[in-house]
Amino acid sequence: MHPGSIHRHAQFYADAANGTLLPKFMLILAAPAGDDLVFRVLTSKPRPEVPACHHGAPYPSYFLGVVGGLLSQKTWVDLRRQPDFDIDIFAAGVRKQVITPAGQLSNSVLAEVLACTAASDDATNAQARKMRDVLAGLR
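Residues numbered from 1 in each chain as written. Predicted model: local features only at pLDDT ≥ 70, side-chain atom pairs only at ≥ 80, totals over all residues. Heavy atoms only, no water.

(A) Representation of the overall build of the protein within the structure. On a plain count of helices and strands, the protein comes out with three helices and seven strands. From first element to last, N terminus to C terminus, the protein shows the α and β order β-β-β-β-β-β-α-β-α-α. The C-alpha atoms of the protein give 14 Å as radius of gyration, which agrees with the globular expectation for 139 residues (14 Å, within 12%). Summarising its shape, the C-alpha atoms of the protein cover approximately 35 × 35 × 25 Å along the three principal directions. Taking as baseline every contact in the protein between residues at least 6 positions apart, the subset at least 24 positions apart corresponds to 57%. When the accessible surface of the protein is totalled, it reaches about 7400 Å², and 53% of it is carbon and sulfur. (Helix = DSSP H or I, 4+ residues; strand = E, 2+ residues; numbered from the N terminus. Rg over C-alpha atoms; globule rule 2.2 N^0.38 Å. Contact = heavy atoms within 4.5 Å. Areas by Shrake-Rupley, 256 points an atom, 1.4 Å probe, with all protein chains shown as cover.)

This is the structure in structure tokens:
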């Protein structure tokens, strides 16, 4: 797991109607050594496409377009706050194949997503700092 990697989490959230565990795609934005992962979820629910980095209503997002592979529809990064993901729980999910690799963003697209997400209102100061550290390493 490294910045720009996309993973499918087969049991990310519970369905409100019946409690069934449902999948979500996750984009890793920062993975500092010995620390928890900064991530955001991906969505195919339509959001603004222009500009790609959208901080307004109804939902802040970054438009990725059609990523390819398992992400065959238009896809957005949902910029709403997510708690950092415990690295040990993530690793256990990978070992159990509950979390599986699903793609990788190019460094140029990752840089745009990092800048947009770090500037979002929902990024904590710690998350923004970690994302800007990754961004600085890409430049």
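(B) Structural detail: the layout of surface pockets. Considered as a void within the structure, the largest pocket measures approximately 310 Å³ in volume. Around the largest pocket, the lining comprises 15 residues; the ones closest to its centre are Lys 24, Phe 25, Leu 42, Thr 43 and Ser 44. Contributing elements (two or more residues each) for the lining of the largest pocket: strand 1 (5-14), strand 2 (21-30), strand 3 (38-43) and strand 6 (71-78). When residues of the lining of the largest pocket are assigned to their parent elements, the largest contribution, five residues, is made by strand 6. For the lining of the largest pocket, a count of residues per class yields six nonpolar, five polar and four charged. (1 Å grid on protein atoms, 1.4 Å probe; cavity = no way out; pocket = protein on both sides within 12 Å on 5 of 7 lines; lining within 4 Å. Points joined across faces, edges and corners; volume = space filled by probe spheres on them. Nonpolar A, V, L, I, M, F, W, Y, C, P; charged D, E, K, R; others polar.)

(C) Examining the pattern of salt bridges more closely. By the definition in use, this model includes five salt bridges. For Lys 130, the salt bridge is made with Asp 35, and the minimal N-O distance between the two is 2.9 Å. Of this pair, Lys 130 sits in helix 3 (residues 125-138) while Asp 35 sits in the loop between strand 2 and strand 3, and the two are 95 residues apart along the sequence. The class for Asp 35 is partly exposed, based on a relative accessible area of 28%. Residue Arg 80 is joined to Asp 78 by a salt bridge in which the shortest nitrogen-to-oxygen separation is 2.7 Å. Looking at Asp 78, the relative accessible area reads 6%, which means it is buried. (Salt bridge = Lys/Arg side-chain N within 4 Å of Asp/Glu carboxyl O. Buried < 20%, exposed > 50% of the residue type's maximum accessible area, 1.4 Å probe, protein only.)

(D) Representation of the side chain of Gln 127. For Gln 127, the position within the fold is in helix 3. Look past the residues within four positions of Gln 127 in its chain and what remains in contact with it is Val 38, Arg 40, Gln 82, Pro 83, Asp 84 and Asp 122.

(E) Spotlight on the packing of aromatic side chains. Summed over all chains, the structure comprises four aromatic pairs. Between the aromatic rings of Phe 12 and Phe 39, the centroid separation amounts to 6.1 Å while the plane-to-plane angle is 80°, which identifies the pairing as edge-to-face. With Phe 12 in strand 1 and Phe 39 in strand 3, this residue pair connects regions lying 27 residues apart in the sequence. Aromatic pair Phe 39 and Phe 85: ring centres 5.7 Å apart, planes at 75°, arrangement edge-to-face. With a gap of 46 residues between them, Phe 39 in strand 3 and Phe 85 in the loop between strand 6 and helix 1 (87-95) connect regions that are remote in the sequence. Phe 85 matches Phe 39 in its accessibility class, with the two residues each being buried. Linked through ring pairs, Phe 12, Phe 39, Phe 85 and Phe 90 together constitute an aromatic cluster. (Phe/Tyr/Trp six-rings, centres within 6.5 Å; stacked < 30°, edge-to-face > 60°.)

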